[in-house]
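Given next are the chains, with one letter for each unit.
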Amino acid sequence: TIQSDILLIRIMNDIDGADDMIMLMCASCGIAEVDDVKLKTCADCDLARYCSDACQKDHKSQHKRACKKRAAELRDELLFKQPE
């Protein structure tokens, strides 16, 4: 599932016929990931991305519920994964 705190922008380039690109953005301030801005992924849920520790801290109250839910889903997947 895609959580509401992940900001994705679909860019369509009809002129060149290029495939759709997904641009990742900071869940707090909305700054896009570009060459000079590298986003860090939330270590617990792997969903939200942040440009700085300050943005992660500012967004914590909004992200907390979705993060706990996704982190539990990830733990369950690991626990109940069938060996190959």
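Residues numbered from 1 in each chain as written. Predicted model: local features only at pLDDT ≥ 70, side-chain atom pairs only at ≥ 80, totals over all residues. Heavy atoms only, no water.

Caption draft 1: Examining the overall build of the protein more closely. Summing up its helical and strand segments, the protein has one helix and four strands in all. The order of helices and strands in the protein, counted from the N terminus, is β-β-β-β-α. Per-residue burial for the protein yields a buried fraction of 25% across its 84 residues. In the protein, 29% of the contacts between residues at least 6 apart in sequence involve partners at least 24 apart. Summed over its atoms, the accessible surface of the protein is roughly 6700 Å², and 52% of this surface lies on carbon and sulfur atoms. (Helix = DSSP H or I, 4+ residues; strand = E, 2+ residues; numbered from the N terminus. Buried < 20%, exposed > 50% of the residue type's maximum accessible area, 1.4 Å probe, protein only. Contact = heavy atoms within 4.5 Å. Areas by Shrake-Rupley, 256 points an atom, 1.4 Å probe, with all protein chains shown as cover.)

Caption draft 2: Inspection of the confidence of the model for the protein at higher detail. For the protein, the mean per-residue pLDDT works out to 77, and 73% of the residues sit at or above 70. The low-confidence segment residues 1-19, where pLDDT is below 50, has 31 contacts with residues more than four positions distant or belonging to other chains. (pLDDT = per-residue confidence, 0-100.)

Caption draft 3: A look at the pattern of salt bridges. For the structure shown, the criterion picks out two salt bridges. One salt bridge connects glutamate 73 with arginine 70, and the closest N-O pair in it is separated by 3.2 Å. Highlighted residues: glutamate 73 and arginine 70, both in helix H1 (residues 53-79), separated by three residues, approximately one helical turn. On the basis of relative accessibility, which here comes to 27%, the residue glutamate 73 falls in the partly exposed class. A salt bridge links arginine 70 to glutamate 77; its shortest N-O distance comes to 3.6 Å. Here the salt bridges do not stand alone but share partners, grouping Arg70, Glu73 and Glu77 into one network. (Salt bridge = Lys/Arg side-chain N within 4 Å of Asp/Glu carboxyl O.)

Caption draft 4: Highlighting unusual backbone geometry. Unlike most non-glycine residues, aspartate 46 shows phi in positive territory, near 60 degrees. Tracing the backbone shows aspartate 46 in the loop between strand S3 (40-41) and strand S4 (49-50).

Caption draft 5: Local environment of H1. Taking 1.5 Å per residue, 27 residues should reach 39 Å; H1 reaches only 30 Å between its end C-alpha atoms and comes up short. Bending of H1 peaks at approximately 70 degrees at the position of lysine 60. Taken as a whole, H1 has its buried residues at Cys55, His59, His63, Ala66, Cys67, Arg70 and Ala71. (Expected span 1.5 Å × (residues − 1). Bend = angle between axes of the 7 residues up to and from the residue.)

Caption draft 6: Summary view of the environment of lysine 40. Secondary-structure assignment places lysine 40 in strand S3. Each C-alpha atom of the pair lysine 40 and aspartate 53 lies 8.9 Å from the other, and the pair is 13 residues apart in sequence. Discounting residues that sit within four places of it in the chain, lysine 40 has contacts with Ala48, Arg49, Tyr50 and Asp53.

Caption draft 7: Local environment of the state of the cysteines. Tallied over the full model, the rule gives zero disulfides. Among the cysteines around cysteine 67, which has no disulfide bond, cysteine 42 carries the closest sulfur, lying 3.7 Å off. Overall, cysteine 67 belongs to the buried group, its relative accessible area being 8%. (Disulfide = S-S within 2.5 Å.)

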